[in-house]
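Residue-level structural notes
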Amino acid sequence: MIRVVLPQHLRKLARIDGEATLEVAAPVTQRAILDALEARYPMLCGTIRDRVTRRRRPFVRFFACQEDLSNESPDAPLPDAIATGAEPYLVVGAMAGG
Amino acid sequence: MSRVRVLVGTRKGAFVLESDGKRQRWEVSGPHFGGWEMYHVKGSPADPNRLYASQNTGWFGQLIQRSDDGGKTWEPVSNEFAYDGPTGTHLWYDGTPHSWAFARVWHLEPSHTDPDTVLAGVEDAALFKTTDGGKSWHELPGLRTHATAAQWQPGAGGMCLHTIIVDPTNANRIFIAISSAGAFRSDDGGVTWSPINRGLVSEGIPDPDAEVGHCVHRIAMHRSRPNVLFMQKHWDVMRSDDAGATWREVSGNLPSDFGFPIDVHAHEPETIYVVPIKSDSEHYPPDGKLRVYRSRSGGNEWEALTNGLPQRDCYVNVLRDAMSVDTLDPCGIYFGTTGGQVYGSADGGDTWAPIVRDLPAVLSVEVQALS
């Protein structure tokens, strides 16, 4: 079971209380997690990745196991701690004012 | 007794202001979608409980929300605005070609007759349509692929399609405006388009009376006279009596003919309203006095409406979508400011009072008269 932590605005949009939990087949990658997340919560489509390019939106970051994975390949396997659910995969709104 | 519902979009959420027909006491609800930029919230003329809202942030992009109960509850609908076919290029600020890229929805225009049909004006400029209540959107690409489109250039706020007016007597006739491409008209439901900028003169472009390139800020129409249009341009207040084929200036005695919104009295088609702003670099009222100007002659002769509005030290702006009129008698006029005030007048503009004073910067104001 994959654990995903979303920023407050997206939790509210998707009506998620706490973490989202997802079943994702191996190999667990960022793309696989986000595909599963959007399939389960279609209202999140376009809010994390651009609708057309499918690339990460500029002010969204992806963290896991205290690492910034935002610019890593979306198809690279994630650490076992993410795949086993020991650690959450974090979708983070970048620190920016406004 | 009639009621009034004012839909306010702000930089940090949407607010709904409601009153009875006297329009003296108001109930305020919100913020809805707190923290999000609400560029526009508008109700369906065919079903006043059907509302559509454009919701956006730099972090999480564009959403469209729909309410079927007058704003008590909302559901996100499709936010997929995909250009139809090759995107082509327009001019960027530095004059180089720049690929069309979707940024946000500026304006939602529900159909006069069908609650499920809505037109959406977006940045980079294009027109989209839904006929299923927002479950899906498709572009009307004839506008974006117009022969002049490669020459279009964004204004300071982006290359936005911000004004959509559908002729209430002929749904195939649509007027739109783009900053800063100008105004366009379709007579076939949005399939093909023609620039309607003859008579506009803009000193800020190389050819001041060019076919396209004018920074039109807003167009307004009275539903009883769909061939008569009023325009607030970057500079100049303009009027057309032939559905946009030609325009003439009606700025007359305004203290400044720069501004953003323009609107028409609900029952007097020759009575129009603007809010003069000092200049294109000083986006606040002349002399620190917030004055709505009213013309009862369709332009040229203007009177300042000041009763109840701040007449000193006022340096707010009123954005292009932030003025609206209701259809009660007497006609109500409403506008919101970048300082977070929403002012209302229940007597056609003679007297004003703030409905709310401390909202986030107001982006849009729409009003519904409810039976």
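Check the entry above for the structure.
Let me sum up the structure you'll find in this document. (Residues numbered from 1 in each chain as written. Chains lettered and ligands numbered in written order. Predicted model: local features only at pLDDT ≥ 70, side-chain atom pairs only at ≥ 80, totals over all residues.)

Moving on, we get to the overall build of chain A. Scanning chain A from N- to C-terminus turns up three helices and five strands. Seen in sequence order, chain A has helices and strands lined up from the N terminus as β-α-β-α-β-β-α-β. Against the 2.2 N^0.38 benchmark of 13 Å for 98 residues, chain A shows a C-alpha radius of gyration of 12 Å, consistent with a compact globule. Along the three orthogonal principal directions, the C-alpha set of chain A runs to about 35 × 25 × 25 Å. Within chain A, the proportion of its 98 residues that are buried is 31%. Expressed as a percentage of contacts within chain A between residues at least 6 apart in sequence, the contacts between residues at least 24 apart total 56%. (Helix = DSSP H or I, 4+ residues; strand = E, 2+ residues; numbered from the N terminus. Rg over C-alpha atoms; globule rule 2.2 N^0.38 Å. Buried ≥ 20, exposed ≤ 12 C-beta atoms within 10 Å, placed from the backbone. Contact = placed C-beta atoms within 7 Å.)

To continue, consider the sheet that holds strand β25 (residues 303-305) of chain B. All names here are of chain B. Strand order in the open sheet formed by four strands is β22-β23-β24-β25, with antiparallel pairing between adjacent strands. Among the strands making up the open sheet, the edge pair consists of β22 (262-264) and β25. Put simply, the sheet's adjacent strands are angled 30° from each other on average, direction ignored. Pairing geometry for strand β23 (residues 272-274) and strand β24 (residues 292-295), over three bridges, is antiparallel. In the sheet register, Val 274 faces β24, and the bridge partner there is Tyr 293. (Pairing = 2+ DSSP bridges. Axes fitted to C-alpha atoms, helices over the stretch in contact; angles between N-to-C directions.)

Bringing the nonpolar core into the picture now. In this structure, Val 8, Ile 176, Ile 219 and Val 342 of chain B are the most contacted members of the largest nonpolar core, which totals 104 residues. Every residue in contact with Ile 219 of chain B, bar those within four places of it in the chain, is listed here: Thr 163, Ile 165, Phe 175, Ala 177, Ala 183, Leu 229, Phe 230 and Met 231 of chain B. Judged by nonpolar contacts, the second largest core, of 27 residues, contains Ala 20, Leu 34 and Tyr 41 of chain A together with Phe 60 of chain B. (Core = buried A, V, L, I, M, F, W, Y, C linked by C-beta atoms within 7 Å.)

Right, let's talk about unusual backbone geometry for a bit. Residue and element names in this part refer to chain B. The omega angle of the peptide bond from Glu 123 to Asp 124 is -10°, so this bond is cis rather than trans. The amide bond that connects Asp 329 to the next residue, Pro 330, takes the cis arrangement and shows omega of 0°. Along the chain, Pro 330 falls in the loop between β26 (323-325) and β27 (333-336). One non-glycine residue, Ala 243, lies in the positive phi region at around 60°. Checked against the element boundaries, Ala 243 lands in the loop between β20 (237-240) and β21 (248-249). Overall, the presence of 17 C-beta atoms within 10 Å leaves Ala 243 in the partly exposed class. A positive phi angle is found at Asp 313, which is not glycine, with a value near 55°. Within the secondary structure, Asp 313 sits in the loop between β25 and β26.

Another point: the sheet that holds strand β5 (residues 51-57) of chain B. Residues and elements named next belong to chain B. What the four strands build is an open sheet, ordered β4-β5-β6-β7; its pairing is antiparallel. In this open sheet, the two strands that pair with only one neighbour each are β4 (37-43) and β7 (75-77). Neighbouring strand axes in the sheet, compared pairwise and without regard to direction, differ in orientation by 30° on average. As paired strands, strand β6 (residues 61-67) and β7 are joined by three bridges and run antiparallel to one another. Opposite Ile 64, over in β7, you have Val 77 as the bridge partner.

Another aspect to go through is the pairing of strand β15 (residues 174-179) of chain B. If a strand is regular, its side chains alternate between the two faces of the sheet. Residues and elements named next belong to chain B. Across the six residues of β15, six count as buried, placing the element largely inside the fold. Neither face of β15 is open: one carries Ile 174, Ile 176 and Ile 178, the other Phe 175, Ala 177 and Ser 179, and all of them are buried. Sheet topology note: the strand β14 (residues 160-166)/β15 ladder contains six bridges and is antiparallel. The partner of Thr 163 across the bridge, within β15, is Ala 177. In terms of strand pairing, β15 meets strand β16 (residues 182-186) through five bridges, oriented antiparallel. Pairing of Ile 174 across the sheet is with Ser 186, part of β16. Between β15 and the antiparallel strand that follows it, β16, lie two residues.

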